[in-house]
Amino acid sequence: MKKQGIGIGLLGIGVVNGQVARVLEDKKGLLAESVGCPLVLRRVKVLPQDLSRPVVKEMDPGLFTTSEEEFFMTPEIDIVVEAIGGEHPAFEYLKKVLSAGKHAVTSNKEVIAKHGTELIAEAQKNRVGLLYEASVGGGIPLIAPLQNSLVANRISAIYAIINGTTNYILTRMSKEGMEFSAALKKAQEMGYAEANPRDDIEGIDATNKLAILASLAFQRQVLPGDIHHEGISRMSSHDFRYARELGFAVKLLAIAKQSENSIEVRVHPVFIPEDSFLAKVDGVYNAIQVEGDLVGKVLFFGEGAGAYPTSSAIISDVVTLAKIVVQGTGYEDRRKFNLDRSIKPMSEVETRYYLRISTVDRPGVLAQIARVLGDRKISISSAIQKGTDIQNQTAEIVLMTYPAREAAMQQALQELSSLGVVQEVSNFIRVEA
Ligand code: HSE
């Protein structure tokens, strides 16, 4: 038993670690009771500009250092919480913490997605823990359930809304008929988007998070570069109107499936049935549906970002590791991430499709489009023609297809675009039904 308490070090004191510091102070009684001894904040590594933050003013000035060296030399730190975000220097910091035999907790999705396997191996070598509950889904308990509660399952699929910003944008476009750029502006005003909003809207943030979930669920290293990803910037209010008419909602889904020989991982906008649970997840909320052979379908739902939920996840990891420190044992993690199943190329993925095509309006146009699709063995399940512009003699044709291979669809899209009667293929969206 540690008489002086478990030493905590914080890397960064931004929105997330600022709240972590507050919880360590405000809930010290509760946390000490849970761990069996107090959690004591011993050092905080900051940038010079952090020193003006309100939370810093509430704390003992002696805790702060801008020097990396001083932070890493501080004795009596058992657990380091990294919340500086970004790939570098967070990766190097975590590696240093783990190789020094200290436990680490991080909310950093980019580092875990790109370097998780290496960092976990380093942690295993030193018998310390690297926990990252806060890296996906904010406060939603997800990593620990995948690792512990669902351990007896073979996970067959994950369908996840794991980017709050894009879900907020899509919700406003759907409910208020807003166009993409106006909805993005609102999301930025609300402070939801990442520092670089491209990471959200192009699906990069969701890709990092899916890499973490798929690696964990399938015990196979999945890197962000393995994941086909598309963003939501090509969505228009037209697509939402047709989706509604056809009985669908539009979501940016992160999808991971495993079969005997391969793993399918992708992030892109989809049509999903409007009566499905995920279709009803609105605004900045996240939801993750996991399918296991024993448990069936389980759903995790909650706030996927923000200081309070993220601090809830971080503190749970800190407490888990603090209990290990109290026990005086090493942290045992025998997970191995192999490369045994291949990643299915996107060209081999099969889904149904929605196509919105702007054409000239004259006899035989639909027949020409149908022939292009038919030649690629893509079968049309329904067709709508609306929005005829009599003056310009143009029409908007919407097609739904039966399941088709992505490779065939991509070829058909190219051919359609070069048909004389087609002005443009305005959008295509995969359908998960
Ligand atoms: N930009 C992220 C989101 C924040 O919108 O979900 C949480 O990782």
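Above this note sits the structure.
K.L.:
Looking at this structure, how should I read the pairing of strand β4 (residues 79–82)?
P.N.:
Residues of β4 alternate between two faces, with Ile 79 and Val 81 on one and Val 80 and Glu 82 on the opposite face, all of them buried. Where β4 meets strand β5 (residues 103–106), four bridges bridge the pair, whose relative direction is parallel. Its bridge partner lying in β5, Ile 79 is registered against His 103. For the segment spanning β4, helix α5 (residues 90–99) and β5, crossover handedness is right-handed.

K.L.:
It is not clear to me how the site of the ligand should be interpreted in this structure. Could you clarify?
P.N.:
As a matter of local geometry, the ligand sits amid Lys 109, Asn 163, Gly 164, Thr 165, Tyr 192, Glu 194, Asp 200, Asp 205, Lys 209, Gly 304 and Ala 305. Between an oxygen atom of the ligand and a side-chain N or O atom of Asn 163, the distance comes to 3.4 Å. Interatomic distance of 2.7 Å between a backbone N/O atom of Gly 164 and an oxygen atom of the ligand. In isolation the ligand offers 260 Å² of accessible surface; the protein chains occlude 89% of this area. Elements with a contribution of two residues or more to the shell around the ligand: α8 (164–176) and α11 (204–218).

K.L.:
Please clarify how unusual backbone geometry should be interpreted in this entry.
P.N.:
Negative phi values dominate among residues other than glycine, just as trans dominates among peptide bonds. Following His 88, the chain continues to Pro 89 via a peptide bond in cis, the omega torsion being 5°. Note on placement: Pro 89 falls in the loop between β4 and α5. In the Ramachandran plot, Arg 127 falls in the positive-phi region, its phi being about 55° despite a non-glycine side chain. Here Arg 127 lies in the loop between α6 (109–125) and β6 (130–131).

K.L.:
Quick question: what am I supposed to make of helix α1 (residues 15–26) here?
P.N.:
Every α-helix winds through 3.6 residues per turn, so residues three or four apart in the chain are directed the same way. Compared with the 16 Å implied by 1.5 Å per residue over 12 residues, the 16 Å span of α1 between its first and last C-alpha is a close match. Where α1 is concerned, the buried positions are Val 16, Asn 17, Gly 18, Gln 19, Val 20, Ala 21, Val 23 and Leu 24. Where α1 is buried, its residues contact β1 (6–11), α2 (28–35), β2 (39–45), α3 (54–57), β4 and α13 (307–327).

K.L.:
So what exactly am I meant to see when it comes to the pairing of strand β18 (residues 422–431) here?
P.N.:
If a strand is regular, its side chains alternate between the two faces of the sheet. Burial of β18 is extensive: eight of the 10 residues sit out of reach of the surface. Examined bridge by bridge, strand β10 (residues 262–273) and β18 share two bridges and lie parallel to one another. Looking at β18, one finds that Phe 271 is bridged to Val 431. Of the strand pairs in this sheet, strand β14 (residues 350–360) and β18 are connected by eight bridges, and their pairing is antiparallel.

K.L.:
In this structure, what is going on with the pattern of salt bridges? I would like to understand it.
P.N.:
Opposite charge on two side chains allows them to pair when their charged atoms are near. In total, this model carries 30 salt bridges according to the counting rule given. Here Glu 332 ties to Arg 127 by a salt bridge, and the two come within 2.5 Å at their closest N and O atoms. With a gap of 205 residues between them, Glu 332 in the loop between α13 and β13 (342–343) and Arg 127 in the loop between α6 and β6 connect regions that are remote in the sequence. When the shortest N-O distance is used, the salt bridge between Arg 430 and Glu 230 registers 2.8 Å. With Arg 430 in strand β18 and Glu 230 in the loop between β8 (228–229) and α12 (237–246), this residue pair connects regions lying 200 residues apart in the sequence. A residue is classified by how much of its surface remains accessible, and Glu 230, at 13% relative accessible area, is buried. Among the charged side chains, a salt-bridge network with shared partners connects Lys 257, Glu 264, Arg 266, Lys 344 and Glu 432.

Each value, and the rule that gives it
Residues numbered from 1 in each chain as written. Predicted model: local features only at pLDDT ≥ 70, side-chain atom pairs only at ≥ 80, totals over all residues. Heavy atoms only, no water. Buried < 20%, exposed > 50% of the residue type's maximum accessible area, 1.4 Å probe, protein only. Helix = DSSP H or I, 4+ residues; strand = E, 2+ residues; numbered from the N terminus. Pairing = 2+ DSSP bridges. Right-handed = clockwise from strand over helix to strand, strands pointing away. Near = heavy atom within 4 Å. Polar contact = N/O pair within 3.5 Å; in protein donor to acceptor, adjacent residues only side chain to side chain. Areas by Shrake-Rupley, 256 points an atom, 1.4 Å probe, with all protein chains shown as cover. Expected span 1.5 Å × (residues − 1). Contact = heavy atoms within 4.5 Å. Salt bridge = Lys/Arg side-chain N within 4 Å of Asp/Glu carboxyl O.

Spatial relationships are all this shows, so hold off on functional conclusions.
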